[in-house]
Each structure stands twice: as structure tokens, then as C-alpha cells.
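# Report on the structure
As a plain string of letters, each chain reads:
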Amino acid sequence: MTPTAAELARENEELRQQLREAEELIEAVRTGAVDALAIQGAEGPRIFTLESADHGYRTLVEQMSEGAVLLAADGFVLYCNAALAQGLGCAQADMLGHSFTEFVPAQYLAYWLGLCQQGWLRQVRGEMPLQSCHDGSLHPFSVSMNVLTFSGAPTLAVLLADVSARKEISAIRSMVVQQNALLDRKNEELLRQQAARVAIEKTAAEVGRMLEGIPQIAWTADLQGRTTYLNQRWFDYVGENATTPEQLASRIHPDDFAVSFRSWEHSLATQQPLELECRIRNQTGDYRWMLGRALPSRNEAGEVVQWIGTYTDIHAHKLAQERVAQAQRLLRDNNEELTRVNVDLDSFIYTASHDLKGPITNIEGLLQALTDELPVEARLRPPVNDIMGMLTKSVTRFQRTIEQLGDVAKLQREHGLAVVPVPLSSVVQGVSLDLAPLVRASGAQLDVELADNAAVRFLEKNLRSLVYNLLSNALKYRDPARPARVQLRARPDGQFMRLTVQDNGLGIDPAGQRKLFGLFERLHNHVEGSGIGLFMVKKMVENAGGRIAVESEVGVGSTFTVLLPQ
């Protein structure tokens, strides 16, 4: 449809009006009355203006130290202040009309677009680097976004604050905090050390007062072993003001110095108590033996703060020890000599008993030959008969003595032989059978009481000899005024077996008890014997590590107690 003349006239008037408005705007822009920006868009160039009424706000934004930028919906820069242009190393004119993504690093582009998308909806904050126009370097910025109306159109206002300085300040602040913490710790350590020094000084004063009151030489030392205190006893002993390490060392006997020094060094290194013996020279130049002892002194935390020690005069004790040691050496030499004598005696007894058997056998043969040569009438006459009887008994006793001497020598040679547990019951039963005729003839009562499974570590033949001697003696030395009663008991006693033989016989007086176990000792002459039996019993018991004792009262009886190892 072709427009009418009226319509064309009206359209021309509208175009003239728009032209006049454009010319007025251009004139206002040219004269500075209005700030404007032309942005090339899809619909052609578009003019954005900032009214002169907002000129004061613009001045404020330009003077801000933070960067400010206005973005169109498509991300193009409508406005930026000088602070942002300077921070990115660009001219303001070079940034206007350009997409702001040109200043965003590629790796942060997605993050930037996400912030913008949120910024069109609400206020949003973030942090990211921007790229400099000059050299492409990156600068960290804090980003704050909000929607504003610009020339009647909504725009995205972005404030960008360079946080490089803030990061440096944060690093400096962190360093300052660390330094302050270090200073605080050092101050605390200084205060603690000062308190510790005060405590040590106080403790040292108290220790000094205490150490001055003891009779021994007392001293203290630090952790390096340096002497820090000596009580008056030391100066009284040495007679001079000897306090330097050289002076102290010169007082120790040269033969004792190296050993004492090593002991002291060991205690310092291990914090173990010190104990040593050394000779220290006194004011008269004499060396006296001292017992040195020291202990580490610890604080409440268990740390060693000093050493406290004493020297005690043990000179008299040391001399006594030397005398005891000398006596022990003499005793040891005497024991060795006695051992050699015993060996010689054993050899002599063995040789003598062996050598005497031949002559006594010859005497016995000659006596028998003489008896055979004498007429029967002569043999039966009282003097001859009595003499022949006494000769025969003497030869018999001599033979028995030689045999017993051989047994003594044999007993000594048996010392040290391996022994095994021997049951007491079988040995006692065998001895009881051997003594049964004597028990019947004397009308005696023999009571035996043995612990279950009683056994001793003893040579079996020696055990039999021991039991036989004790029981036979109890029967032989019975009191004729009353029926004989003999009791044999055995029960454990610690590591020993206690064997007791008790009788109601004649008894033994104290003098007899003292020599009862001697060789060839006989207390009663009305009973035949050689005085060797109990000697051998005692020898056998002691060789096995046991003990034997007797308790007796005349007219009451005797009790023999034997302790034998189990």
C-alpha cells in the first residue's frame, strides 16, 4: 500500500526531530556537557552517556585506588577507571569497547564467566588473576560484582582490588607473628632459666648449710664435673685453700688417680651413682684412704642439675682389711700346708697299714706255731693260758686297728666322688637285721620312724657305716639299770634330711662331748672299741657337706643329730 502524502509528511517530521536530538547530543558531547561512549553492536553503533548530574560520582570513581569497570550484557567494557587501566598496564581508551575476557587468563575464563553469570543475578564476590596488556604478567584481584543502570540500560558493575600488596602484607604479618611467637618462647625460656637459676642458687645455699653440718668432707659439682663447692672439712683436712682442678687432682695418690678419673667420667656420662676408694694427701703430707660417693641431684622435671658427694675417712678400716687379707693369705697358706700334710698322712696311714699287715700276720702265725708246740698241759696252766689269751687278743685288736686305719685313708680318697640319692629305708632295714642279735641279747627296744621317701645324697656304704655306728654305740653303751630304748627318726629340714638317734643310755659329760669325735678317743673302757668309729662318722658327714652334733646328759642318755644333704 502506497503511503499518503500526510503519512509521508508525518514520518519526515519524526526523522527531522530525531536528527535534531542527535545533533544536540553530539554538540553536548563535543562541548563536554555530557560524557558518552559509542559501542558498535549488532544493530549498529550505540551511544552510552553519563549525565553531567553524575559527574561528581565519576570523579569519585576515578580517584578510587581500586579498579572499577562497567560491562555490557555481552561483556564489552562500557567504562573503566584509571586505577584499573594502570593496574593492567593499559590506556583507558584501549579498554573501552573491548571484551573484558581479553584480560582474563585462559585457565580462568570459565571461572570468570561463571562469576559474571551469577553477578547478573545477585551480588557476588571472587578472586582471580588478570593479565597485563603490557607484558602478559598476571596480577591477583579481588572481584565484586553488582548490576547498575547505565544510560537507561542495565550494566554489570565490577570492582577489582589488587590483592598483591595484601598477600605481601599477609606474608609479612605471618612472619611477624612467627617472630613474635619465637620471641615469646625465648622470653619464656629466659624466664624459666632465670627461675631455674634462682632455684638452683636457693638449693645450693640450702645444700651448703646442710653439708657444713656433717662430719665428712662434702662437695658439689656441675654437670661437666667441675667442683662448685667444698665444705670446711676439706680445707681443715688439706690445710690450704685448694680449690682449682689442678690443686684438687694433685691431692689424689698417683696410683689411684687414673682409676678415680675413669669412674668419675663414667658417672658423668651415665648419671649413675659414683663410688670409689682412693688415697688423698692431708696437710701433713700423709695419704689416707677415703671412700668417695656421689649422687646426681635432680629438679622437679627429673633433670640432673648438679652432683652432691662426700669423702669418708676409711683409713683404719682399710688397714684392718689389709690385715684380714694378710691373715687370709696366711690361713690359705696354712690350709694348703695342712692339705699337703693330710695327703702325706693319708699316704703314711695307707702305707703303714699295708706294711704292718705282714709283721702282724707273722706274729699271729708264730703265736699259733708256739701254741701248737706247747703241750696241752702247759697251754692249760693258768699263767700260760692267760698270757696266750692276752697275746691273741692283742694281735686281734692290732689287726682291727690296722684295718680301721686303712678305712680312714680310704675315706679320705673317697672325698669328692659323685653321689646319688640313697633311700634311708633300705639302709636302716639292713643295719637293723645286722644288729638283731645284739638287740635281742640286750633286751633293747629299737623304734624307727622315717619320713615317706626319705633319701640323702651320700655314698651308700658310708651311709650304712654311719647308721651302724650310731645304733651299735647306742646299744653298747646302754645303762644296765634300765631297759635300753633306742629311737631313730628321719625328717626333712630345708635342704637337709635331719637324722636323729636318741637313747636312754649312760650319757656323756661335757668334757667327753668335746673330744667325742676325736681319733682314738674312748670314753668308756668296759666296752671294746678303738675310738675310730665316730671320727670316721664325722669325717664322712662333713665330706658330704653335712653336720653332726650331740646332746647328752649323764644318767639320762644321748641324742646324735646328723644333717645330710637331700
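The structure reproduced in this document is the subject of the present report. It should be emphasised that the depicted structure is a prediction, and the values quoted were computed from it without experimental measurement.

### A short note on the overall build of the protein chain
Helices and strands together make up the secondary structure of the protein chain, namely 16 helices and 19 strands. For the protein chain, contacts bridging at least 24 residues in sequence account for 52% of all contacts bridging at least 6. For the protein chain, the computed accessible surface area is about 35,100 Å², with 55% contributed by carbon and sulfur atoms.

### Remarks on the state of the cysteines
Taken as a whole and judged by the stated rule, the model has one disulfide. Through a disulfide, Cys90 is tied to Cys133; the S-S separation comes to 1.5 Å. Across the disulfide from Cys90 to Cys133, rotation about the S-S bond amounts to roughly 115 degrees, and the bridge is consequently right-handed. One end of the pair, Cys90, is in the loop between helix 3 (82–87) and helix 4 (92–95); the other, Cys133, is in the loop between strand 5 (124–131) and strand 6 (138–150), and 43 residues separate them in sequence.

### Details of the pairing of strand 9 (residues 227–230)
Looking at chain direction, strand 8 (residues 217–221) and strand 9 are connected through three bridges and run antiparallel. Opposite Ala221, over in strand 9, you have Thr227 as the bridge partner. Linking strand 8 to strand 9, which pair antiparallel, is a turn of five residues; within it Gly225 sits at a positive phi near 90 degrees.

### Quick notes on the pattern of salt bridges
Here the structure, examined in full by the defined rule, presents 14 salt bridges. Taking the shortest distance from any N to any O, the salt bridge between Glu240 and Arg251 comes out at 2.8 Å. With a gap of eleven residues between them, Glu240 in the loop between helix 7 (232–238) and helix 8 (245–250) and Arg251 in the loop between helix 8 and helix 9 (254–270) connect regions that are remote in the sequence. Here Glu240 falls in the partly exposed class, since its relative accessible area comes to 37%. Residue class for Arg251 comes out buried when judged on its relative accessible area of 6%.

### What to know about the packing of aromatic side chains
Using the criterion set out here, one finds six aromatic pairs in the structure. Judged by centre distance (5.0 Å) and plane angle (35 degrees), the rings of Phe100 and Trp112 are tilted. Here Phe100 is found in the loop between helix 4 and helix 5 (109–119), whereas its partner Trp112 is found in helix 5, with twelve residues between them in sequence. Both residues of the pair, Phe100 and Trp112, belong to the buried class.

### Remarks on the sheet that holds strand 6
If you trace the five strands from one edge of the open sheet to the other, you get 4-3-7-6-5, paired in antiparallel fashion. The strands lining the two open edges of the sheet, one partner per strand, are strand 4 (77–80) and strand 5. Neighbouring strand axes in the sheet, compared pairwise and without regard to direction, differ in orientation by 30 degrees on average. Pairing between strand 3 (residues 67–71) and strand 7 (residues 153–162): five bridges, direction antiparallel. Counterpart to Ala68 in the pairing with strand 7 is Leu159.

### A word on a nonpolar patch on the surface
A cluster of nonpolar side chains, Ile387, Met390 and Leu391, forms an exposed patch at the surface whose accessible area comes to about 290 Å². Residue placement: Ile387 occurs in helix 12 (residues 382–414).

### A few points about the environment of Leu534
Mapped onto the elements of the fold, Leu534 is located in helix 16 (residues 533–543). Residue classification places Leu534 among the buried positions, given a relative accessible area of 12%. C-alpha separation for the pair Leu534 and Leu516, spaced 18 residues apart in sequence, amounts to 7.4 Å. Not counting chain neighbours up to four residues away, the residues in contact with Leu534 comprise Leu470, Asn473, Leu516, Phe517 and Phe560.

### What to know about the nonpolar core
Core analysis: the biggest nonpolar cluster contains 37 residues, and Leu463, Leu466, Val467, Leu471 and Val562 have the highest contact counts within it. Of all elements in the fold, only helix 13 (424–442), helix 14 (460–476), strand 16 (485–493), strand 17 (496–503), helix 16, strand 18 (547–553) and strand 19 (557–565) reach the threshold of two or more residues within this core. Counting residues in hydrophobic clusters, the runner-up holds 24 residues, among them Cys80, Val124, Met128 and Leu130.

### A closer look at the sheet that holds strand 11 (residues 287–298)
The sheet built from five strands is open, its strands ordered 9-8-12-11-10 with antiparallel pairing. Since the sheet does not close on itself, it has two edges, and those belong to strand 9 and strand 10 (274–281), each with one partner. Between one strand and the next, the sheet's axes are offset by a mean angle of 25 degrees, whatever the strand orientation. Most of the contacts of helix 9 go to strand 10, to which it runs at about 150 degrees, and overall it touches strand 8, strand 10, strand 11 and strand 12 (304–313).

### Points about unusual backbone geometry
A positive phi angle is found at Gln271, which is not glycine, with a value near 60 degrees. Counting through the fold element by element, Gln271 comes out in the loop between helix 9 and strand 10. Located in the positive-phi region is Asn453, a residue other than glycine, with phi close to 55 degrees. Mapped onto the fold, Asn453 is located in the loop between strand 14 (445–450) and strand 15 (455–457). The exposure class assigned to Asn453 is exposed, which follows from its relative accessible area of 79%.

### Describing the environment of Phe458
Note that Phe458 resides in the loop between strand 15 and helix 14. Sequence separation of Phe458 and Pro423 is 35 residues, and the distance between their C-alpha atoms is 9.7 Å. In contact with Phe458, other than residues within four places in its own chain, are Val419, Val420, Val422, Leu463, Leu466, Met540, Val541, Ala544 and Leu564.

### A few points about the pairing of strand 3
The two faces of a sheet get side chains in turn, since along a regular strand they alternate between them. With five of its five residues buried, strand 3 lies for the most part within the structure. Where burial is concerned, the two faces of strand 3 agree: the one with Gly67, Val69 and Leu71 and the one with Ala68 and Leu70 are both buried. Pairing geometry for strand 3 and strand 4, over three bridges, is antiparallel. Residue pairing across strands places Leu71 opposite Val77, the latter belonging to strand 4. With antiparallel pairing between neighbouring strands as the criterion, strand 3 and strand 4 make up a hairpin whose turn holds five residues, including Gly75 at a positive phi of roughly 90 degrees.

Analysis parameters
Residues numbered from 1 in each chain as written. Predicted model: local features only at pLDDT ≥ 70, side-chain atom pairs only at ≥ 80, totals over all residues. Heavy atoms only, no water. Helix = DSSP H or I, 4+ residues; strand = E, 2+ residues; numbered from the N terminus. Contact = heavy atoms within 4.5 Å. Areas by Shrake-Rupley, 256 points an atom, 1.4 Å probe, with all protein chains shown as cover. Disulfide = S-S within 2.5 Å. Pairing = 2+ DSSP bridges. Salt bridge = Lys/Arg side-chain N within 4 Å of Asp/Glu carboxyl O. Buried < 20%, exposed > 50% of the residue type's maximum accessible area, 1.4 Å probe, protein only. Phe/Tyr/Trp six-rings, centres within 6.5 Å; stacked < 30°, edge-to-face > 60°. Axes fitted to C-alpha atoms, helices over the stretch in contact; angles between N-to-C directions. Patch = residues over 30% accessible without salt bridge, like charges linked within 9 Å, V, L, I, M, F, W, Y side chains within 5 Å. Core = buried A, V, L, I, M, F, W, Y, C linked by side-chain atoms within 4.5 Å.

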